[in-house]
Amino acid sequence: MDGFRYLGGVATLELDREKCTGCQVCLTVCPHAVFAVDNDRRVQIADLDACMECGACANNCAFGAITLTPGVGCAAAIIRGWVTNTEPSCGCSDDVSAPASACCGGAPVATGEPLGSDQPQAPA
Amino acid sequence: MTESTVPQVSSTLSAADTIARWKLRWRISRDGAAVSPGLFRIGEPSAESPVIVTCNYRMTFDLVRRDLGGLDVWLLVLDTRGVNVWCAAGKGTFSSRELMLRAALTGLERYVSHRTLVLPQLGATGVSAADVRATSGWRVVFGPVRSRDLKAFLAAGMKATPAMRAVTFTFAERMAVVPVELVGAFVGWFALIPFALLGIGALVSWGGAAALIAQPLAAYLAGVIGGGVLVPALLPWLPGRALSLKGAEAGVIAGLLAGLVLSAPPLMIAADTLLAGAVASYIGVNFTGTTPYTSPSGVEKELRVALPLMGAASVLAGVLWVVQAFGG
C-alpha cells in the first residue's frame, strides 16, 4: 500500500504451494497485493509484511492452500477481548453507548429505515 | 416478468441523504444507518443486466446508487445491519449465507437470465465464491474495491485494473473519519474525564491562576487533538510504523505547545507533554480500527509495549503536577 507500512514479521499468513492449483483467486481478493504469480502459474507470497490478515484469500481458496489467523486489526477490539477474556470483537453491533472506534462507520447498529417503497417480493 | 414489483431507486442523492451522512459522520445518531435490504432497480434493467451486490449501510448504499447512475442494473442489498461491507464481511453478516438467502428471498433468478453476481472485492472476507457456486449455482465475480470504479469495471467486461483492486487511504479518506473519532473521545464514561481533570487541576493548583487550574484539562485536549486530528492528517509522515508511536509524537508536540501557550512552569510543561503524549498514543493506536492496513498480530504486538508506557506516562504526569503545586 503506497506510503503505508505496518509492523513487519508478525503476519500469520502461510501458503502451501503443494496445494496451490494456480486459480489465482487470492490475487483477485487481496487488497494489498501480497501474492504474486510464479513462473509455474502457481502463487507465492511476495510481500508478507503487507498482509493485514483480513482472511479474504483463505476464505476463497477452494483448495485449502492458505492458512492464517484472520481478525480485525483494531486496538479497541483487541483490548475489549483482553478485558472480557473473549475473542476480539469491534462491538459495532452491540451497545449504543460503547465508545467504538470509527470502524464500522463509527458505531453500532440501529433499526432499519424503510426506503419509502415496499419490500420487493418474488413474483407469484 | 413483473419488474414493477421491484422498487426503483434514484441515483441522485437528495438533501435528506446528505443530512443522514452528516449525522453518521458526526456520530449524532445511528438511526437511519440501515436501509431496507432487498432487490432494487437502477434505471430500467432487463434480464441480461448485471446484478450488483452491496450492504445496507446507508452511506454505502447512497454511494453505490449514485455511482451507478446512468446504468440499467439490478442492485441486491444484503442485510448487514447497517454496517459497511468490509466490517460486515469480517463480522460474518456480509456472508455467503446471507448472499444466497437474499437472492432466494427476492426471487432474483426470476428477473435475470444469467447467474452472475458482482460483489465488492472487500466482501471476499465474508463470501466464498466457491461455496456460493457449489451450493446455489450463483457465480460470484469480485468487482472493484470502490463503487466509483464500477462503471469502468462493467464497461471493460468485468475486468478490474490493479488500481481498482488496491485499497487506498488518502488524506481526504483519513480526514473524513476525524469527526467520528473526535466525538468518540467524549462519549460514554469518557465524557467524565474532562471534569475529573478539571477537578485535579483545581485540587493541585488550589487558589492558583485559571491557566494553572486548566493545565491537566488542556493537556488532555491537546492529546485528543494530537491523536484524533494530527495522526490522521500526518499519518504517512509521522516517523515509525506503530500507531501508538505516531500518536505519542503528535501528542508530545501538542502537549508542549499547550504548556507553552499557557505559560506553565517547567515541571507542568513536562507533565502536560507526558499526559498529552499518552492520550494521543491511545487514540492513535485506536486509529488501527479505521486504517485499512493494520494486522491484528501487529496491533497486539504494539499494544503489549505501548499500554504500560501510556499508563506510566500518565502517572508520572500526575506526580509532576503534585510536585509542582506543593514543592514548586
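Residues numbered from 1 in each chain as written. Chains lettered and ligands numbered in written order. Predicted model: local features only at pLDDT ≥ 70, side-chain atom pairs only at ≥ 80, totals over all residues. Heavy atoms only, no water.

Chemist: How should I be thinking about the overall build of chain B in this particular structure?
Modeler: When you go through chain B residue by residue, the secondary structure sums to 15 helices and 6 strands. A globule of 328 residues ought to have a C-alpha radius of gyration of about 20 Å, yet chain B, at 25 Å, is considerably larger. Taking all 328 residues of chain B together, the buried fraction comes to 56%. Of the roughly 13,500 Å² that chain B leaves accessible, carbon and sulfur atoms contribute 67%. (Helix = DSSP H or I, 4+ residues; strand = E, 2+ residues; numbered from the N terminus. Rg over C-alpha atoms; globule rule 2.2 N^0.38 Å. Buried < 20%, exposed > 50% of the residue type's maximum accessible area, 1.4 Å probe, protein only. Areas by Shrake-Rupley, 256 points an atom, 1.4 Å probe, with all protein chains shown as cover.)

Chemist: I would appreciate a short explanation of a nonpolar patch on the surface in the present structure.
Modeler: Residue and element names in this part refer to chain B. Side chains of Leu267, Val315, Leu316, Val319 and Val323 sit close together on the surface and give an oily, nonpolar patch of about 390 Å² of accessible area. Looking at the nonpolar patch element by element, the count peaks at 4 residues for helix H15 (residues 296-327). By the secondary structure assignment, Val323 is in helix H15. (Patch = residues over 30% accessible without salt bridge, like charges linked within 9 Å, V, L, I, M, F, W, Y side chains within 5 Å. Salt bridge = Lys/Arg side-chain N within 4 Å of Asp/Glu carboxyl O.)

Chemist: For this particular structure, what's the right way to read the pattern of salt bridges?
Modeler: Pairing is possible between side chains that carry opposite charge, provided their charged atoms lie close to one another. Going through the model one piece at a time under the given rule, you end up with 14 salt bridges over all chains. For the salt bridge of Asp149 of chain B with Arg146 of chain B, the shortest nitrogen-to-oxygen distance reads 3.8 Å. Taken as a pair, Asp149 of chain B and Arg146 of chain B share a single burial class, namely buried. A single network of salt bridges, built from pairs that share partners, joins Arg17, Asp38, Asp40 and Arg42 of chain A.

Chemist: So what exactly am I meant to see when it comes to the side chain of Ser128 of chain B here?
Modeler: Inspection of the secondary structure puts Ser128 of chain B in the loop between strand E5 (116-119) and helix H5 (129-136). Take Ser128 of chain B: its relative accessible area is 3%, and that puts it in the buried class. Of the polar contacts made by the side chain of Ser128 of chain B, one reaches the backbone oxygen of Asn59 of chain A; its length is 3.4 Å. Ignoring anything within four residues of it in the chain, the contact list for Ser128 of chain B reads Asn59 and Asn60 of chain A together with Ser96 of chain B. (Polar contact = N/O pair within 3.5 Å; in protein donor to acceptor, adjacent residues only side chain to side chain. Contact = heavy atoms within 4.5 Å.)

Chemist: How should I be thinking about the packing of helix H12 (residues 215-234) of chain B against helix H13 (residues 243-261) of chain B in this particular structure?
Modeler: Packed helix pairs are specified by the crossing angle of their axes together with the interaxial distance, meaning the distance between the axes. Residues and elements named next belong to chain B. Contact pair H12 / H13: the axes reach a minimum separation of 8 Å and the direction vectors enclose 135°. Between H12 and H13, the interaxial angle falls into the category oblique. Considering only the axes of H12 and H13, their crossing is right-handed. For the pair H12 and H13, the contacting residues are Ala218, Ala222, Gly226, Leu230 and Val231 in the first and Leu243, Lys246, Gly247, Ala250, Ala254, Gly255 and Ala258 in the second. Its residues assigned to classes, the contact of H12 with H13 comprises 8 nonpolar, 3 polar and 1 charged. (Axes fitted to C-alpha atoms, helices over the stretch in contact; angles between N-to-C directions. Parallel < 35°, antiparallel > 145°, perpendicular 65-115°, else oblique. Left-handed = near helix turned anticlockwise from the far one by under 90°. Nonpolar A, V, L, I, M, F, W, Y, C, P; charged D, E, K, R; others polar.)

Chemist: Even after reading the chapter, I still don't get the sheet that holds strand E2 (residues 38-42) of chain B, so can you show me in this structure?
Modeler: Residues and elements named next belong to chain B. Strand order across the open sheet formed by 5 strands is E2-E4-E3-E5-E6, with mixed pairing between neighbours. Single-partner strands in this sheet number two, and they are E2 and strand E6 (139-142). Shown here is a sheet whose adjacent strand axes are inclined to one another by a mean of 30°, direction ignored. Across 4 bridges, E5 lies against E6 in parallel orientation. Looking at E6, one finds that Leu117 is bridged to Val140. Taken strand by strand, helix H4 (residues 96-105) contacts E2, strand E3 (51-54), strand E4 (73-77), E5 and E6, and its axis lies near 120° from that of E4. (Pairing = 2+ DSSP bridges.)

Chemist: I keep staring at the state of the cysteines and nothing clicks. Help me out?
Modeler: Linking two cysteines covalently via their sulfur atoms produces the bond known as a disulfide. Scanning the entire structure with this criterion turns up 0 disulfides over all chains. Considering cysteine sulfurs only, Cys23 of chain A is the nearest to Cys61 of chain A, which forms no disulfide, with 6.1 Å between them. (Disulfide = S-S within 2.5 Å.)

Chemist: Would you mind going over the environment of Cys55 of chain B with me for this structure?
Modeler: All names here are of chain B. Within the fold, Cys55 resides in the loop between E3 and helix H2 (58-67). Put simply, Cys55 and Ala130 are 75 residues apart on the chain and 20 Å apart in space, counted from C-alpha to C-alpha. Beyond its immediate sequence surroundings of up to four residues, Cys55 is in contact with Thr60, Phe61, Val77, Leu78, Thr80, Val83, Asn84, Val85 and Phe94.

Chemist: Would you mind showing me how to read the domain arrangement of chain B here?
Modeler: Interface size is commonly expressed as the accessible area that is lost once the parts come together. Residues and elements named next belong to chain B. As assigned here, chain B comprises domain 1 (3-167) and domain 2 (172-327). Domain 1 and domain 2 are separated by 39 Å when their C-alpha centres are compared. Contacts between the two partners involve 6 residues from domain 1 and, on the opposite side, 7 residues from domain 2. Of all residues in domain 1, Arg25, Trp26 and Arg27 give up the largest surface area on contact with domain 2, accounting jointly for 74% of the area buried on that side. Our count for the contact surface shared by domain 1 and domain 2 stands at 0 salt bridges. (Domains from an automatic or database assignment. Buried area = accessible area lost by both parts, 1.4 Å probe.)

Chemist: Please explain the environment of Gly81 of chain A as it appears in this structure.
Modeler: All names here are of chain A. By the secondary structure assignment, Gly81 is in helix H3 (residues 75-84). Take Gly81: its relative accessible area is 5%, and that puts it in the buried class. Measuring from C-alpha to C-alpha, the distance between Gly81 and Thr69 comes to 15 Å, with 12 residues separating the pair along the chain. Not counting the four nearest positions on each side in its chain, Gly81 is found in contact with Thr86, Glu87 and Pro88.

Chemist: What's the story with the packing of H3 of chain A against H15 of chain B in this structure? I'm lost.
Modeler: Here H3 of chain A crosses H15 of chain B at 70°, and the two axes come no closer than 10 Å. In terms of orientation, H3 of chain A and H15 of chain B fall into the roughly perpendicular class. Where H3 of chain A crosses over H15 of chain B, the handedness of that crossing is right-handed. On H15 of chain B, the residues touching Ala75, Ile78, Ile79 and Trp82 of chain A of H3 of chain A are Pro296, Val299, Glu300, Leu303, Arg304 and Leu307 of chain B.

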